[in-house]
Amino acid sequence: MKLTTTIAVIFISATALTAQKSKSLEIIEKSIEAQGGKQVLESIKTLYTKSETVMDGRNVFWITKEMAPNKGSFEIEYQGRIVYKSFYDGKTGYDVVNGQKKVADQEEFKDKNYRRHIINSLDYIDPTLYTLEYIGEEKANNKDCDKIQATLSNGKVTYLYYDKVSNLLVKSEVVKNPEKNSFSVTLYDDYKKFGDLVYETKDTFVSENGDQVVKIVDLYYNKKISEKDFK
């Protein structure tokens, strides 16, 4: 009798887990459709964003450039001059300060090895990268959301909050990560259409020391970015 009960419990648990994965997958696939559809997102091989924010009381721009599958650069522009840059060339991360390039702390780039697409939603639905679990309904950024736990194969755990009305991501929360200095809470707002892509234009990075609000002023994809941007 005990053996039969144990088998039944295992079967029920496995069935529940499968249902959670299925529901999570359905929610993220709806989000992909809301952003323009899987075909559109998969077609994006490079992405450029220029965002306005305030650092140390100064108005600056953050410039990001990405190239599939995992190359990326980040620049801080102040008064028309690039004062800081970091980039990942697909294998190694670098910092550039005052025109001098040096190898950066590689612990900060571990997640790059697990990226397959520029738009993260496509990676979330890849079972070789992420395991998904539906947590339930929860408020986030003043919206009723579906909460999903996404666990990357390297152990990183992220909570994803999808608006039940728009199906778009409104919050992400990294709660466990082997990458250095990467615990984070980010809010996503003001989605707009850029060509065929629907993308947020306001990010709020939540911190105990004060929130950092970043607003996109320019975005384009599949143009004006080449390999030289990551060298």
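Everything here concerns the structure above.
All residue numbers refer to positions counted from 1 along the written sequence of the respective chain. A pLDDT threshold of at least 70 governs which residues receive local features in this predicted model, and a stricter bar of 80 or more applies before side-chain atom pairs are shown or counted, although totals over entire chains, interfaces and linings include all residues. The basis for every side-chain value is the complete set of heavy atoms in the structure, and neither hydrogens nor water enter the calculation.

## Some points on the overall build of the protein chain
A tally of regular secondary structure across the protein chain gives three helices and 13 strands. In the protein chain, which comprises 231 residues, the share counted as buried stands at 44%. Should any heavy atoms of two residues lie within 4.5 Å, those residues are considered in contact. Restricting to contacts in the protein chain with at least 6 residues of sequence separation, those with at least 24 account for 40%. Total accessible area on the protein chain stands at roughly 13,200 Å², and carbon and sulfur atoms take up 50% of it. Strands here are runs of E lasting at least two residues and helices are runs of H or I lasting at least four, both read from the DSSP assignment and numbered beginning at the N terminus. Accessibility here uses a 1.4 Å probe with only protein chains present; expressed as a share of the type maximum, an area under 20% marks a residue as buried, one over 50% as exposed, and anything in between as partly exposed. A 1.4 Å probe and the Shrake-Rupley method give the accessible areas. Residues count as covered only by the protein chains that appear here.

## Focus: the packing of aromatic side chains
A ring pair, where both rings are aromatic, is described by two values, the distance of the centres and the angle of the planes. Put simply, two rings from Phe, Tyr or Trp (the six-membered ring, in Trp's case) pair if the centres are within 6.5 Å, and we call them stacked under 30 degrees between planes, edge-to-face over 60, tilted for the rest. Summed over all chains, the structure comprises six aromatic pairs. Seen from their ring centres, tryptophan 62 and phenylalanine 74 are 5.4 Å apart, and the 80° between their planes marks the pair as edge-to-face. With tryptophan 62 in strand β2 (residues 58-67) and phenylalanine 74 in strand β3 (residues 71-78), this pair connects stretches of sequence that are twelve residues apart. Between tyrosine 124 and tyrosine 130 the ring centres are 5.0 Å apart and the planes differ by 80°, which places this aromatic pair in the edge-to-face class. Here tyrosine 124 and tyrosine 130 have matching classes, each one buried. An aromatic cluster is defined as three or more aromatic residues linked by ring pairs; in this entry it consists of Trp62, Phe74 and Phe205. Consider the ring centre and the ring normal. A charge sits over the ring if Lys NZ or Arg CZ is within 6 Å of that centre and within 35 degrees of that normal. Positioned above the aromatic ring of phenylalanine 87, the side-chain terminus of lysine 85 is 5.3 Å from the ring centre.

## A few points about the nonpolar core
Core analysis: the biggest nonpolar cluster contains 29 residues, and Ile28, Tyr162, Leu197, Tyr199 and Leu219 have the highest contact counts within it. The contact partners of tyrosine 162, leaving out residues within four places of it in the chain, are Ile27, Ile28, Ser31, Tyr124, Asp144, Cys145, Asp146, Ile148, Asn167, Leu168 and Leu169. We define the nonpolar core as a collection of buried residues of types Ala, Val, Leu, Ile, Met, Phe, Trp, Tyr and Cys that are connected through side-chain atoms lying within 4.5 Å of one another.

## Observations concerning unusual backbone geometry
The residue after alanine 68, namely proline 69, is reached through a cis peptide bond having omega 5°. In this fold, proline 69 is placed in the loop between β2 and β3. Positioned with a positive phi, asparagine 222 is a non-glycine residue whose angle comes to about 60°.

## What about the pairing of strand β12 (residues 197-205)?
Within β12, seven of the nine residues are buried, leaving the element largely enclosed by the surrounding structure. Two strands qualify as a pair provided DSSP detects at least 2 bridges between them. Strand direction decides the pairing type here: strand β11 (residues 184-194) and β12, joined by eight bridges, are antiparallel. The partner of tyrosine 188 across the bridge, within β12, is aspartate 203. With antiparallel pairing between neighbouring strands as the criterion, β11 and β12 make up a hairpin whose turn holds two residues, including glycine 195 at a positive phi of roughly 65°. Both β12 and strand β13 (residues 212-221) contribute to a ladder of four bridges, which runs antiparallel.

## Examining the pairing of strand β5 (residues 93-97)
The buried fraction of β5 is high, at four of five residues. Alignment of strand β4 (residues 81-88) against β5, held across four bridges, turns out to be antiparallel. Its bridge partner lying in β5, phenylalanine 87 is registered against tyrosine 94. Counting the residues that bridge the hairpin from β4 to β5 gives four residues, and of these glycine 90 lies at a positive phi of roughly 105°. Relative to strand β6 (residues 100-103), β5 is paired through four bridges, and the arrangement is antiparallel. Counted as the bridge partner of tyrosine 94 is valine 103 from β6. Between the end of β5 and the start of β6, which pair antiparallel, lie two residues, with asparagine 98 showing a positive phi angle near 55°.

## A word on the side chain of asparagine 70
Looking at where asparagine 70 falls in the secondary structure, it is placed in the loop between β2 and β3. The exposure class of asparagine 70 is buried, given its relative accessible area of 11%. A distance of 3.1 Å separates a polar side-chain atom of asparagine 70 from the backbone oxygen of lysine 112. Filtering out sequence-adjacent residues up to four positions away, asparagine 70 remains in contact with Tyr88, Gly90, Lys112, Asn113 and Arg115. In protein, a polar contact requires one atom able to donate a hydrogen and another able to accept it; more generally it is a pair of N or O atoms within 3.5 Å, and residues adjacent in sequence count only if both atoms are side-chain atoms.

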